[in-house]
Amino acid sequence: MIISGTPFFPRIVLRSFRYSFCIEEAEVSWGEETSFNPKTSNPVAEHGTCFGIAVFGFNGSTWKVEVREEPGGTWHFSATPSAAQTGVTMALIFDAPDWKESHELFMPGLIYRSNRFDLEAQDYPPVPKAPRLGLHEPPRITDIPRLKKEPGDSCIQVLAGALTSPQAAWWDPAGRQGWIVGAEPFSNGRQTGFVFREPAERTSATLEVETPGMRQGTRYTMCSTNTRSDDRAANLSAGESLSLRVRFHPFSCPEVSSLFNELFDNRGALVPEPILHDELPFDAAREILGRKYQACNWNEEYGFYAIGDGNHWCASWQAGWVGGLMNTQPLLEWGDAGTRDRVRRTFDFVFAGDGIGKAGFFEPCFHRGTWFGDGLDRNPQWPNPQFERSEYAMTRKSADVLYFVLRQFDLWKKIDPGFEIPSAWREGARRCADAFVSLWQRTGQIGQFVHRETGEVIYGGTASAGILPAGLVLAADYFDNERYLEEAGQIGDYFYENFTRAGLTNGGPGEILQSPDSESSAGLAEAFIVLWERTQEHKWLQRAVEAARQLATWQISYDFEFPASSEFGRLGIRSAGGIFASPQNGHGAPGICTLSGNVYLKLYRATGDARYLTLLRHLAHNLTQYLSRKDRQIYSICGRQLPEGWMCERLNTGDWDDNVGGVFYGSCWCEVSLMLTIQEIPGIYIRRGPEPLLVCFDHVRATLDGVGHSLVLENPTSFEAEVSILVDDCPASPLGQNAIWNAPRVRIPAGESVHFPLPPTQV
C-alpha cells in the first residue's frame, strides 16, 4: 500500500514478555469492523486526523490501536488496553522492499555498510595479528552489532541510546533508492528499540521499531553481542497507552553520498531540540585546565607534557591520537614564559631525543624511560602474548604529529617572530613527511600499522591516517617543496575514492581493528578542507562537505534522558554534540578525538550552510560541562571524585559497559579537545553583511546594537569570562591555521554586561 508517498507501511504487533523473552505476540488485524482497511489507499484530507482504528483482544484485555498522521510526514501509533497489563510492547515492523545482500544498512553511530566485515573475535583491546597481516587484507571487526558476512541469520537489536540519532537507513545501490526510518528516542520515559533481522537466505529483511525497546535474550557489551539482556517490557495501568511517533522517508539515492545528505537533512527529526545552558565560560575552563596541566601532566624527569596523569603507560606519552605534541599547541598560545619553555622541552624530548624511529615515523609510546610500539604489550592488565607487538606503529599517530607540529611552527613565529625553529625539529618533521611519501610511492596506500624499524606495512587498507594530506600541505609551504603538495593531492584522492566516497571511514583508533569510526571521518574532513584552502580546487570543498556530513552521523543530535540516579542525571548533563567513537567502543565522548571541529566553521564560511554552525555550537558549547571542578565535582562509578581539571572520555547513552550516564576514574584525551576548542573556536562569531549573523559558541550572550557598530555582551555565569571575537568580513578568504590567535578579546565580569565596539568593516 502507498500512504503519503511512502512505499511501505508497518505491520503493528503487540507482544507479551517474561523477562527478556517474548512469550506471545499478535499482529493487529484490520477487518471490516474497523474504521480502516489498510489494503486500500485512503489519503488523509487533513494532517492530524485519525487514519485508522482497530479494536481486538490480546493478553486478556481489549486493545484499541490507533494510527494518526501528523505534520511533517510523521505517524503516531498508539495502543491502549482496557485492563492493566504486565510486560508488554508495541512493535512497528517494516518489511524492507526487495531486500538483497547487496543492500547496505546504516544506523548513525553504529552501523556503516551493514558492518558486514570479516569477524575476528578478540577480547579488548584487539590488535591485528598473524597470520592475517599484510597490505591488502580486508577490514576486520570484533564481535560488534552487524549483518553477518559469514553464513547464518543476522539480528541487530539496540536501544536508541546506542545511536547518535534514532534512525535506521538502508540503500539499494542497484535500484538507486534509499529509505530512512526515524523514531522518537523516548516515549513516556521508555527508550525506543531498533531491531533489524536478515534471514540466512538474505532475500528479505525487516526493521522493527519498538516501544519500549526489548533486546530479546542478548545485548551488546564490549567486543561481544552475547551478553544476557536484562531489558524489561512495560507495565501499563488500564487506559495507559503505548505510543510512538515514527517517520519513514524514501528518496532517490544514486550513490552513498546521497544517503548521508538525507541523514544530514533529517538528523533532527523527532528528537527534542537541544537546549544549551551557559555555565562555565571557555576562559574559566582554560584556567582550570592550565593549572591541572602544570600540576599533573608535566613530567620533570624526562621533560615532556604527558597526555594524562602519567601513572600508567597509556596516560604517559603517546604521539598524536590522544594528545602527544597536540596538547602543546594551546599551551604554547596561552602560556607564560615558563609554560613555553616546557613546550620547547617537550619538542626536544621528541626531536632531540629518540622520539623518531629508524623509518622516520614518530615513536608511538614512552613510559618510565622506554620507547615502545602500539602492540599494547606494556600494560600489565593485558599480558596476553597475542598483544606483544612492540614493533607496531600506528600511521595515524605520525600523521597527527606532522600536522600539529607544523601548525605550531607557524604559531611560534606569530607569537615570537624572533624565535628560531631548531634544526632538529625541522629535520624531524621533514623526515616524517619523507617517510610518508616513500610509503605512498612504494605501496599506493598509507596503511594502519607500519613496522617501527623498517617502515613496512603491517596492516593496510584503512583511513586511519586520513589527516595526513593536511600535514603534507603544510610541509609543502614550510619547506617550500611543491612535491609534498602533489603527494598530498594524490593521497587525498586515494582516501576519498576508497573511503569517503565508499561511505566507510575506519581504523582511526588503534584498538578497534578496522571497525568504522568517527576519528578517521574527522581526519579526512580536516585534510580535505586544508587542501581546499590551499588549492581552491572545488573538488576538495565538495569532498570536505561529504566527509563532514559523514562525521555528523557520529555526533549526538539531541539531549539524552539520563537516569536520575546516574551521575550525568544528577549533574544535568546535556549530551547533544557528543561524538561516538566506534561501534566497538559504544559510547559518546566530549569532543572529537582529537580536534576542535573548526572544519565546521570553515565549511559554513565556504558554503553559507548555517547547519554547520549548529553542529559546532552543540559540540563546542557543551564541552565544558564534562570538566570536573571544585564547585561541581564529578564522581566515577567507583565513587572516587575526579580531581579538578580532569575529564573522562565517557558519554554513555548506551549500556555497553553497564554505566549509563557514568564515568570511570581517569584523565583523558578529551581535555585536549577542550583545550583546542578554546584555542581555535571564537567565543563569538559575527558575519557582517546584508544579512548579518551572530553565533555565541562560548557561555555568554550577545546582541548587535541597532546599527551594528557594537556588541552588548552579557555573562550569565558565576565565572568571569574573557571572550574571543571573530568578526568575519571576508568569508571567501580561507581562515588557514591559527586564525584567531590574536583575535580581539573582551573581559566580562560574572553576572554583568559590557559594550564592545566592533572594528571597522574590512573591504
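Please refer to the structure placed before this passage.
No experiment lies behind these values; they were computed from the predicted model shown.

Q: Looking at this structure, how should I read the sheet that holds strand 23 (residues 317-318)?
A: The three strands lie next to each other as 23-24-25, forming an open sheet whose pairing is antiparallel. In this open sheet, the two edge strands, each paired with only one partner strand, are strand 23 and strand 25 (370-372). Summarising the sheet, strand 23 and strand 24 (residues 365-367) pair through two bridges and their orientation is antiparallel. Residue pairing across strands places Trp-317 opposite Phe-366, the latter belonging to strand 24.

Q: Help me out: how do you make sense of the sheet that holds strand 31 (residues 684-687) in this one?
A: Where strands meet in a sheet, backbone hydrogen bonds hold them as pairs that are either parallel or antiparallel. Taken in spatial order, the four strands make up an open sheet running 32-31-35-36, and their pairing is mixed. Because the sheet does not close on itself, it has two edges, and the strands there are strand 32 (693-696) and strand 36 (745-748). Along the sheet, successive strands turn relative to each other by an average axial angle of 20°, direction set aside. Sheet topology places strand 35 (residues 721-728) next to strand 36; four bridges connect them, and they run antiparallel. Bridging from a neighbouring strand, Ala-721 pairs with Ile-748 of strand 36. Docked against the sheet, helix 12 (residues 598-607) engages strand 31, strand 32 and strand 35, running at close to 10° with respect to strand 31.

Q: Whenever I open this one, the pattern of salt bridges confuses me. Can you help?
A: When the charged atoms of two side chains with opposite charge come close together, those side chains can pair. Counting across every chain of the model gives 63 salt bridges. We note a salt bridge from Lys-539 to Asp-493, for which the minimum N-O separation is 3.1 Å. One end of the pair, Lys-539, is in helix 10 (residues 538-552); the other, Asp-493, is in helix 8 (residues 482-500), and 46 residues separate them in sequence. Relative accessible area serves as the criterion here: at 32%, Lys-539 is assigned to the partly exposed category.

Q: I keep staring at the packing of aromatic side chains and nothing clicks. Help me out?
A: Working definition: an aromatic ring pair is given by the centre-to-centre distance plus the angle between the planes. One pass over the structure, following the stated rule, counts 53 aromatic pairs. Here Phe-347 and Trp-425 contribute two aromatic rings whose centre-to-centre distance is 4.6 Å and whose plane-to-plane angle is 35°, an arrangement assigned as tilted. Of the two residues, Phe-347 sits in helix 4 (residues 337-351) while Trp-425 sits in helix 6 (residues 423-443), which places them 78 residues apart along the sequence. Given a relative accessible area of 0%, Phe-347 falls into the buried group. Judged by relative accessible area, which is 0%, Trp-425 ranks as buried. Taking 6.3 Å as the distance between ring centres and 75° as the angle between the ring planes, the aromatic pair formed by Tyr-496 and Phe-528 counts as edge-to-face. On the criterion of sequence distance, the pair formed by Tyr-496 in helix 8 and Phe-528 in helix 9 (residues 518-535) is long-range, its members being 32 residues apart. For the pair formed by Tyr-496 and Phe-528, the shared burial category is buried. Within the aromatic cluster, the residues linked to one another by ring pairs are Phe-347, Phe-351, Phe-362, Phe-409, Trp-412, Phe-419, Trp-425, Tyr-478, Phe-479 and Tyr-484. Against the face of Trp-334 rests Arg-286, its NZ or CZ located 5.9 Å from the ring centre.

Definitions and limits used
- Residues numbered from 1 in each chain as written.
- Predicted model: local features only at pLDDT ≥ 70, side-chain atom pairs only at ≥ 80, totals over all residues.
- Heavy atoms only, no water.
- Pairing = 2+ DSSP bridges.
- Helix = DSSP H or I, 4+ residues; strand = E, 2+ residues; numbered from the N terminus.
- Axes fitted to C-alpha atoms, helices over the stretch in contact; angles between N-to-C directions.
- Contact = heavy atoms within 4.5 Å.
- Salt bridge = Lys/Arg side-chain N within 4 Å of Asp/Glu carboxyl O.
- Buried < 20%, exposed > 50% of the residue type's maximum accessible area, 1.4 Å probe, protein only.
- Phe/Tyr/Trp six-rings, centres within 6.5 Å; stacked < 30°, edge-to-face > 60°.
- Lys NZ or Arg CZ within 6 Å of the ring centre and 35° of its normal.

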